[in-house]
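Here is how the chains run, residue by residue.
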Amino acid sequence: MGKQHSPVFRISAAVVKQLGEELVSDELTAIMELVKNSYDADADWVKITINTTDSLIDKDLHFQSQHGYIVIEDNGTGMDDIDILDKWLFISVSHKREMKRNGEITTKLRTPLGDKGLGRLSTQRLGNILEMFTGKVNETKQHHVAFDWRDFTETSSLEAVNTNYENLPKTPAKKGTRLVITDLKDPHKWSGEDGNKFRGQLSKLIFPFKENRPFNIYLNIDGQDNDLDEINEKLRKFAISRYQFNFDGTQLKLQGRLKLAKLQGSNNNAKKELFHQLIQKDHGKNFFDFLTNKKSNKKNAVTEITYTGIKGEFFNFERIFKVPEDVTLENLNSALLEYPVQANPGAFLGEIDEFNLGGTEEIDSAFNKLSDYKNLVKNQVGVRVFRDGFGIKPYGMEDNDWLKLSKSQTSGGSFYLLRPENVIGFVSITAKENRNLTEKTDREGFIDSAYSRNFFKIIDLAVAEINSVLERTRRSYDDFQKIQAAAKGKIITFADTKKRLVETAKQSNAVEQQAQQVFTEIKAASVEVAQAVERIKSQPLFSTDDDNQALKTLESVERLLNNANQIFGKISNILNNAKQLENDANYLEPRLNELENQIIQFSELAGLGITAEAFTHELYNVIDRIGAQTDQVIKRVKSEHGNNPTFFVYAEHVKSFIQAIRRQLNHLAPSLRFNRETKQEIKLSSFAGELKEYYETRSGGKIEIIQIITNDFKIDINKGKLTQITDNLILNSEYWLTERHKSEPSFQPEITIEINEPFMSIYDNGYGISPVVESGLFQPFVTTKPKGIGRGLGLYIVEQLLDSVGGSISLLHKKNAEERRYIFQIDLEPLLIK
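What counts, and at which threshold
- Residues numbered from 1 in each chain as written.
- Predicted model: local features only at pLDDT ≥ 70, side-chain atom pairs only at ≥ 80, totals over all residues.
- Heavy atoms only, no water.
- Helix = DSSP H or I, 4+ residues; strand = E, 2+ residues; numbered from the N terminus.
- Buried < 20%, exposed > 50% of the residue type's maximum accessible area, 1.4 Å probe, protein only.
- Areas by Shrake-Rupley, 256 points an atom, 1.4 Å probe, with all protein chains shown as cover.
- Phe/Tyr/Trp six-rings, centres within 6.5 Å; stacked < 30°, edge-to-face > 60°.
- Lys NZ or Arg CZ within 6 Å of the ring centre and 35° of its normal.
- Pairing = 2+ DSSP bridges.
- Axes fitted to C-alpha atoms, helices over the stretch in contact; angles between N-to-C directions.
- Contact = heavy atoms within 4.5 Å.
- Parallel < 35°, antiparallel > 145°, perpendicular 65-115°, else oblique.
- Left-handed = near helix turned anticlockwise from the far one by under 90°.
- Nonpolar A, V, L, I, M, F, W, Y, C, P; charged D, E, K, R; others polar.
- 1 Å grid on protein atoms, 1.4 Å probe; cavity = no way out; pocket = protein on both sides within 12 Å on 5 of 7 lines; lining within 4 Å.
- Points joined across faces, edges and corners; volume = space filled by probe spheres on them.
- Expected span 1.5 Å × (residues − 1).
- Polar contact = N/O pair within 3.5 Å; in protein donor to acceptor, adjacent residues only side chain to side chain.

**Student:** When you look at the overall build of the chain in this model, what are you seeing that I'm missing?
**Tutor:** Check the secondary structure of the chain and you find 20 helices and 23 strands. Relative to its full complement of 834 residues, the chain shows a buried share of 47%. Summing over all exposed atoms, the chain offers an accessible surface of approximately 43,300 Å²; the carbon and sulfur share of this is 51%.

**Student:** Is there a simple way to explain the packing of aromatic side chains in this structure?
**Tutor:** For any two aromatic rings, the description comes down to two numbers: the centre-to-centre distance and the angle of the planes. Taken as a whole and assessed by the stated rule, the structure comprises 26 aromatic pairs. One aromatic cluster is present, formed by F287, F288, F290, Y307, F314, F315, Y477 and F480 through successive ring pairs. We note K47 situated over the ring of W45; from NZ or CZ to the ring centre the distance is 4.8 Å.

**Student:** Got a minute to help me understand the sheet that holds strand β22 (residues 808–811) in this structure?
**Tutor:** Whether parallel or antiparallel, the strands of a sheet pair through hydrogen bonds between backbone atoms. In spatial order, the strands read β18-β20-β21-β23-β22; together these 5 strands make up an open sheet with mixed pairing. Among the strands making up the open sheet, the edge pair consists of β18 (704–711) and β22. Pairwise comparison of adjacent strand axes, ignoring direction, gives a mean angle of 15° for this sheet. Judged from the 4 bridges that link them, strand β21 (residues 759–764) and strand β23 (residues 824–827) form a sheet pairing that is antiparallel. Bridge pairing links I762 to F824 in β23. Against the sheet, helix α20 (residues 794–804) contacts β22 and β23, and its axis sits at roughly 140° relative to β22.

**Student:** Would you explain the side chain of T106 in this entry?
**Tutor:** By the element assignment, T106 lies in the loop between α4 (95–101) and α5 (119–122). Residue contacts for T106: discarding those within four places in its chain leaves D40, D42 and M99.

**Student:** What am I meant to see in the packing of helix α19 (residues 719–743) against α20 here?
**Tutor:** The relative placement of two packed helices is expressed as an angle between their axes plus a distance between the axes. Where α19 meets α20, the axes come as close as 9 Å, and the angle between the chain directions of the two elements is 150°. Considering the angle they form, α19 stands roughly antiparallel to α20. Between α19 and α20 the crossing geometry is left-handed. Residues K721, Q724, I725, N728 and L729 of α19 form the contact with α20, whose own contacting residues are G794, L795, I797, V798, L801, L802 and S804. Within the contact of α19 with α20, the residues separate by chemical class into 7 nonpolar, 4 polar and 1 charged.

**Student:** Help me out: how do you make sense of empty space enclosed by the protein in this one?
**Tutor:** Using a probe with the size of a water molecule, rolled over the atoms, empty space left in the structure can be pinpointed. One pass over the structure, following the stated rule, counts 3 cavities of 30 Å³ or more. What the second largest cavity holds in volume is close to 40 Å³. Together, K36, L113, R387, F390, G391, I392 and E439 line the second largest cavity. A class-by-class count of the residues in the lining of the second largest cavity yields 3 nonpolar, 1 polar and 3 charged.

**Student:** Got a minute to help me understand helix α2 (residues 27–40) in this structure?
**Tutor:** Structurally, the α-helix is built with 3.6 residues per turn, so residues lying three or four positions apart point the same way. Along its 14 residues, α2 runs 20 Å from first to last C-alpha, staying within 8% of the 20 Å computed at 1.5 Å per residue. Among the 14 residues in α2, 13 count as buried, and that is most of the element. One side-chain oxygen at the N-terminal end of α2 lies 3.2 Å from the backbone nitrogen of L28; it belongs to D26. Two residues or fewer after α2 comes D42, characterised by a positive phi angle close to 65°.

Structure below.
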């Protein structure tokens, strides 16, 4: 009996084809994988030629070309027969991944971009037939491989696919690789509207600044050369602000530059005139002085900025955030980053340019039509991520707002904050420095990891600081306009305005009687003068010089009196309108009061919404636990007792109940109501005790609530309002303490509520308040929480609610062990019950 061979694994050729279809999502990704291969081969350039109708005439082709063709050619190192056999035809983990792991680089000091072996597999997205011609320098032969992807069938083994390998002659100096893809699967994909879309998408995947591109890419579609769009200096110089950031692995450096045009807003005549009067006349110097003055601009002052004021520039600023190596990245910005420094994403840099699509004087003078400028911006809009010059999808493409800029917009400040539709920028990473930022297998973004999360959060920090500067600048400019208007009209409050309107109306009544008397006298005098003129003219002896002079004088008086009559007619109309000013003032007063009340109600409702959301979130957790436990009990009963109809009917009722509750929770927050005008006597120590019991239970005992009663007191207030005020403060502490505990398991979170008439102070033992947000802490939309978690409304709402009842809140200057301010003190003196 002969020796029996052991069974071995075999693989169907169709598996390889299916692998390529699943890993390469679209034609654009396929093209980019092939372009990256040229980069990895140290090419200086790559040419992409696409023909949707003709056949390629080339005697060296093994297959007859049909249904269009794509040729991708470079001047890279090329391959020899060993490379083809051991690498290109060997479906395995890419050797480039091993190079990256070992820190190896190419001759031109490039770290390989490809590491998944997708290049050759991606060609099946483009056409059915692939032919490759490749060779190295100093060799006299080039290698030719040709195969049809339709041969990769389920019934064929991989080894059975014919590659039609052959050698062809070449000159020793020639090197590089040429891929010929024929029998295109969808020729229409490359022409017409689809072709324009492809060209735009490809352009966005190439580094926008030509001088920094790693190598040149040339594109020709149906005989037409296509210049890939680049953000040239002509467009960049029209940016109204520019922000550059650089993370070197230990600290983030942010630099910003704003032009005066940033303050113009819309391009209508009224805004332009106001901008000219307040800003352009003195190059923004007066406003800059106000903007940086902590006394006159207490709430919104912007510090550590430098006035430029020449050639349309306004100010520059620089911020540096350090990341000490002996602590977690969490300390960077009030626990903004919760992952340890070992998950450092590596050094990277970026830039964001902001444009005013409404136009400015500079833009109007440079472009024939505003639409030309808008199209130029819109073709490149978005902040994209590039690795060694190649874009990473989907960041900044197809309206992908990965920076969540749209969430930071508000109706009041939407023009001033960064917006997704008016920014162009990039974040530049490298395969060498950022090897732990790994792309997904399908090339659609980064794999979620501590490294990628820290990468995004560092960029979030830069964006948050930019928006903080912009928002404070906007609010300061609004206040500056009010102050300037008040200075010209001596208007301080509406009460002053009303007083002036009422006084003017009363004065108008008095003046009207006097004016009417004068008007009657002037009218009578006009008649007398006219009669005198006629008498003189009718006298036969009217000939002396004195008579002539008298006539001229009377005629002048007559003209003056006629003009006076006309003017008095106009004055009469003005006085009639002025008499109505008091009525106008009385009409406006209740409506302004109503508007003020609506603003207060907005703050109350927003605060109620946050509290309701926390409550809703907790209910979700409860029903999730009930659901999970129910599933476990069902499985256990099935395994131990078999089918029990009565039990399973009950279990289904429980699950139906859980689903019903979950549906109702979505409507809970907007449905909550209570009487917000009812006040009651509240003893602060008792109220603090209720908070302690609630939050310690809520945290499962993980957070200790400490009460310090130095001098207890009572206040008269709506309990719902007081609860919202304290909830916002404690929920904020709860979040940051929980985040710190995640990275420091031995950390014992504590929140302290201190009562000392007339103050209630709330603080925790966390990192404290970041200096970055100190100055604008009580402004809306100021937060250091990650995007999608923090709104930046909590402290703003607290201040508004306290202001509505006469109280106030402040962040004390006392600092904790981290050298950060941390104590919130609520002044309740106006609410004291003596």
